[in-house]
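# Inside the fold
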There are 2 protein chains.
Amino acid sequence: MKIGQRYTEVRKKIFTAIEKMDKPVSAQEIYDYIKQNYEEVDLASIYRNLELMNKSDAVNVILFGEGKKRYELKNMKGHHHHLFCEGCGDIKDIEMKEENLIKNVKNKEGFVIKKHNLEFFGLCPNCQ
Amino acid sequence: MKIGQRYTEVRKKIFTAIEKMDKPVSAQEIYDYIKQNYEEVDLASIYRNLELMNKSDAVNVILFGEGKKRYELKNMKGHHHHLFCEGCGDIKDIEMKEENLIKNVKNKEGFVIKKHNLEFFGLCPNCQ
DNA sequence: TTCATTATTGCAAATGATTTGCAATATGTC
DNA sequence: GACATATTGCAAATCATTTGCAATAATGAA
């Protein structure tokens with residue numbers, strides 16, 4: 001997995017931050033984490049790296065309609081989806097077979113499917 | 001389906017705009033459509049109404065990672081998902097049974113599922 | 001190891017979507 | 001028609017993300 005041309009300190013920190021927080025995180029959360037655990041890194045650099053990481057398939061972009069993107073490392077876990085709590089924003093992973101689902105979509109409309117996202121929205125035990 | 005307390009001209013225009021454009025549309029697209037077909041409506045009013053319409057279940061919010069939200073009328077079509085072309089932004093509806101999928105998620109993690117979104121990303125015939 | 005090339009970073013400013021305060025206006029009610 | 005207040009327009013604010021540019025750091029060559 002090649003991100004850009006150089007393996008920089010900033011890049012290492014971003015990787016570590018996402019890995020340690022162990023959930024889909026926003027650019028701002030990565031920024032905050034790094035600020036508290038290492039020397040500060042500019043937000044713009046984080047955004048630029050996240051875009052690179054996304055293009056090189058190192059991270060997934062996850063959307064919950066909060067008005068911002070979340071990122072998670074791709075190699076850490078198998079393919080999965082998420083449960084997003086509308087109450088507290090808590091996020092849980094879910095595993096699910098969906099071969100049939102995906103199979104049915106392929107070749108429909110002549111599209112070439114490159115990616116799909118399935119997210120569930122609801123309330124976690126604490127928020128019900 | 002009750003949106004706010006009054007059935008205003010602005011509200012009518014927004015409904016008509018979304019219906020006529022017949023695809024998931026952004027607030028800006030609704031604004032542009034109305035500007036061309038009726039008297040202009042303030043963007044802020046459109047946003048305020050879209051939020052109301054979402055809370056009262058009149059519209060679905062759809063996310064394709066473009067950095068903005070799209071809205072579609074809920075009553076127009078049955079439950080469906082979308083194919084979003086990363087090349088040109090073209091959007092197609094797809095129908096799919098997913099009873100099993102959803103059934104499997106219910107009662108998992110103690111979440112109460114209120115909504116789920118499944119989006120596919122790829123390239124349409126023109127963009128391949 | 002030092003040097004040179006250029007990818008990457010920090011900083012500041014710009015952009016785009018969305019939100020908010022507030023006074024003016026329009027809608028439903030009596 | 002007059003009132004009470006939901007809704008709108010306008011302007012400014014906010015938040016996430018992007019961009020220009022000069023300074024800095026990573027990597028390959030000498």
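All figures in this text were calculated on a predicted structure; none of them were measured in a lab.

Turning to the packing of helix 1 (residues 9–21) of chain B against helix 3 (residues 43–55) of chain B, a few remarks are in order. Residues and elements named next belong to chain B. Here helix 1 crosses helix 3 at 75°, and the two axes come no closer than 10 Å. Judged by the inter-axis angle, helix 1 sits roughly perpendicular to helix 3. Seen from helix 1, the contacting residues are Val-10, Arg-11, Ile-14, Phe-15 and Ile-18; seen from helix 3, they are Ser-45, Ile-46, Asn-49, Leu-50, Leu-52 and Met-53. Counted by class, the contact of helix 1 with helix 3 contains eight nonpolar, two polar and one charged residues.

On to the relation of the copies chain B and chain A. Its rotation angle being 180°, the transformation that places chain B on chain A also includes 0.1 Å of axial translation and leaves an RMSD of 0.1 Å. In short, the pair behaves as if placed about a two-fold rotation axis. Using C-alpha coordinates, one finds that chain B approaches the rotation axis most closely at Leu-118 of chain B, a distance of 2.0 Å. The overlap is high: 97% of the interface residues of chain B also sit at the interface in chain A, so the same surface is used on both sides.

Moving on: the protein's contact with DNA strand C. In the region of DNA strand C, 23 residues are neighbours, and Gln-5, Thr-8 and Arg-11 of chain A together with Tyr-47 and Lys-69 of chain B sit closest. Taking the atoms of DNA strand C that fall within 4 Å of the protein, sugar and phosphate contribute 63% of them. Within the backbone of Gln-5 of chain A, a nitrogen or oxygen atom sits 2.7 Å from a phosphate oxygen of DNA strand C. Between a phosphate oxygen of DNA strand C and a side-chain N or O atom of Arg-11 of chain A, the distance comes to 2.7 Å. Residue composition of the surface near DNA strand C, by class: seven nonpolar, six polar and ten charged.

A separate point is the side chain of Glu-72 of chain B. With respect to the helices, strands and loops of the structure, Glu-72 of chain B is situated in strand 2 (residues 69–73). Within the local environment of Glu-72 of chain B, its side chain forms a polar contact with the side chain of His-80 of chain B, the two groups lying 3.3 Å apart.

The environment of DNA strand D is formed by 23 residues, the closest being Tyr-47 and Lys-69 of chain A together with Gln-5, Thr-8 and Arg-11 of chain B. A breakdown of the atoms of DNA strand D within 4 Å of the protein gives sugar and phosphate a share of 62%. At a separation of 2.7 Å, a phosphate oxygen of DNA strand D approaches a polar backbone atom of Gln-5 of chain B. Only helix 3 (43–55) of chain A together with helix 1 and helix 3 of chain B provide two or more residues apiece to the surface near DNA strand D. Within the surface near DNA strand D, the residues separate by chemical class into seven nonpolar, six polar and ten charged.

Turning our attention to the pattern of salt bridges. Residues and elements named next belong to chain A. According to the stated counting rule, one finds 18 salt bridges over all chains in the structure shown. The closest approach of N and O atoms between Lys-77 and Asp-22, which form a salt bridge, is 3.5 Å. With Lys-77 in the loop between strand 2 (69–73) and strand 3 (81–85) and Asp-22 in the loop between helix 1 (9–21) and helix 2 (27–37), the pair connects residues that are 55 residues apart, well separated along the chain. A salt bridge links Lys-55 to Glu-51; the shortest N-O distance between them is 2.9 Å. Of the two residues, Lys-55 and Glu-51 are both situated in helix 3; the distance of four residues between them amounts to about one turn of the helix. Look at Lys-55 and you get exposed, because its relative accessible area is 65%. When salt bridges that share partners are traced, they join Lys-23, Glu-29, Glu-66 and Arg-70 into one network.

On the side of chain A, 38 residues touch chain B, which itself brings 39 residues to the contact. Across the chain B to chain A interface the summed buried area is about 3,200 Å²; carbon plus sulfur atoms make up 71%. Seen at the junction of chain B and chain A, the total is zero salt bridges. Where chain B touches chain A, the interface holds one residue pair in polar contact (both at pLDDT 80 or more). Every element with two or more residues in the side of chain B that touches chain A is listed here: strand 3 (81–85), strand 4 (91–94), helix 4 (99–105) and strand 5 (112–123) of chain B. Of the residues forming the side of chain B that touches chain A, the biggest block, twelve residues, is contributed by strand 5 of chain B.

Basis of the calculations
- Residues numbered from 1 in each chain as written.
- Chains lettered and ligands numbered in written order.
- Predicted model: local features only at pLDDT ≥ 70, side-chain atom pairs only at ≥ 80, totals over all residues.
- Heavy atoms only, no water.
- Axes fitted to C-alpha atoms, helices over the stretch in contact; angles between N-to-C directions.
- Helix = DSSP H or I, 4+ residues; strand = E, 2+ residues; numbered from the N terminus.
- Parallel < 35°, antiparallel > 145°, perpendicular 65-115°, else oblique.
- Contact = heavy atoms within 4.5 Å.
- Nonpolar A, V, L, I, M, F, W, Y, C, P; charged D, E, K, R; others polar.
- Least-squares fit on C-alpha atoms with pLDDT ≥ 70 in both.
- Near = heavy atom within 4 Å.
- Polar contact = N/O pair within 3.5 Å; in protein donor to acceptor, adjacent residues only side chain to side chain.
- Salt bridge = Lys/Arg side-chain N within 4 Å of Asp/Glu carboxyl O.
- Buried < 20%, exposed > 50% of the residue type's maximum accessible area, 1.4 Å probe, protein only.
- Buried area = accessible area lost by both parts, 1.4 Å probe.

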